[in-house]
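Residue strings, one per chain:
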Amino acid sequence: MGAFRFRIGQSVRIKEGSFPLNNPDGYRLIGQVGTIEHSWDPRRGRADAHTARSEDIQFFELNHYDIRVGDNLYFLNEDWIEEA
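Attention in this report is confined to the structure presented alongside it. (Residues numbered from 1 in each chain as written. Predicted model: local features only at pLDDT ≥ 70, side-chain atom pairs only at ≥ 80, totals over all residues. Heavy atoms only, no water.)

With respect to the sheet that holds strand 3 (residues 64-69)
- Taken in spatial order, the five strands line up as 4-3-2-1-5 in an open sheet, and their pairing is antiparallel. Edge positions in the sheet fall to strand 4 (72-77) and strand 5 (81-83), since each has one partner strand and no second. When strand polarity is set aside, the average angle formed by the axes of neighbouring strands in this sheet is 45 degrees.
- In the sheet, strand 1 (residues 11-14) pairs with strand 5 via three bridges, with the strands oriented antiparallel. Counted as the bridge partner of isoleucine 14 is isoleucine 81 from strand 5. (Pairing = 2+ DSSP bridges. Helix = DSSP H or I, 4+ residues; strand = E, 2+ residues; numbered from the N terminus. Axes fitted to C-alpha atoms, helices over the stretch in contact; angles between N-to-C directions.)

Focus on the pattern of salt bridges
- In total, this model carries one salt bridge according to the counting rule given.
- A salt bridge links arginine 68 to glutamate 37; the nearest nitrogen and oxygen atoms lie 2.6 Å apart. Of this pair, arginine 68 sits in strand 3 while glutamate 37 sits in strand 2 (residues 33-40), and the two are 31 residues apart along the sequence.
- Residue classification places glutamate 37 among the partly exposed residues on the basis of a relative accessible area of 38%. (Salt bridge = Lys/Arg side-chain N within 4 Å of Asp/Glu carboxyl O. Buried < 20%, exposed > 50% of the residue type's maximum accessible area, 1.4 Å probe, protein only.)

Describing the packing of aromatic side chains
- In the structure shown here, the tally under the stated rule is four aromatic pairs.
- Ring centres of phenylalanine 4 and tyrosine 65 lie 6.1 Å apart, and the angle between their planes is 75 degrees; on these two criteria the pair is classed as edge-to-face. A residue pair is termed long-range when its members are at least 10 positions apart, and phenylalanine 4 in the segment before strand 1 and tyrosine 65 in strand 3 qualify at 61 residues.
- The exposure class assigned to tyrosine 65 is buried, which follows from its relative accessible area of 0%.
- Measuring from centroid to centroid gives 5.3 Å for tryptophan 40 and phenylalanine 75, while their planes differ by 15 degrees, and the two rings are stacked. Of this pair, tryptophan 40 sits in strand 2 while phenylalanine 75 is found in strand 4, placing the two residues 35 residues apart along the sequence.
- Here phenylalanine 75 falls in the partly exposed class, since its relative accessible area comes to 40%. (Phe/Tyr/Trp six-rings, centres within 6.5 Å; stacked < 30°, edge-to-face > 60°.)

Below, the structure is given as structure tokens:
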């Protein structure tokens, strides 16, 4: 299983991602900085053999994060964020 790239309390910048699902650009979030409040692995409970990462990462292999930007909380996967 993939390790979390970001930690709770860390500041992150929202960037243009590779996966169009839940594109934060529609919310004008790209370029904004937020703080991670919660993180989770959507694959928890599955065998490692089914979730091994490869160079061709699939959407369902990405860790997920709740990120606070201002007064709002957004649910994004690790493809959409980078260190601030």
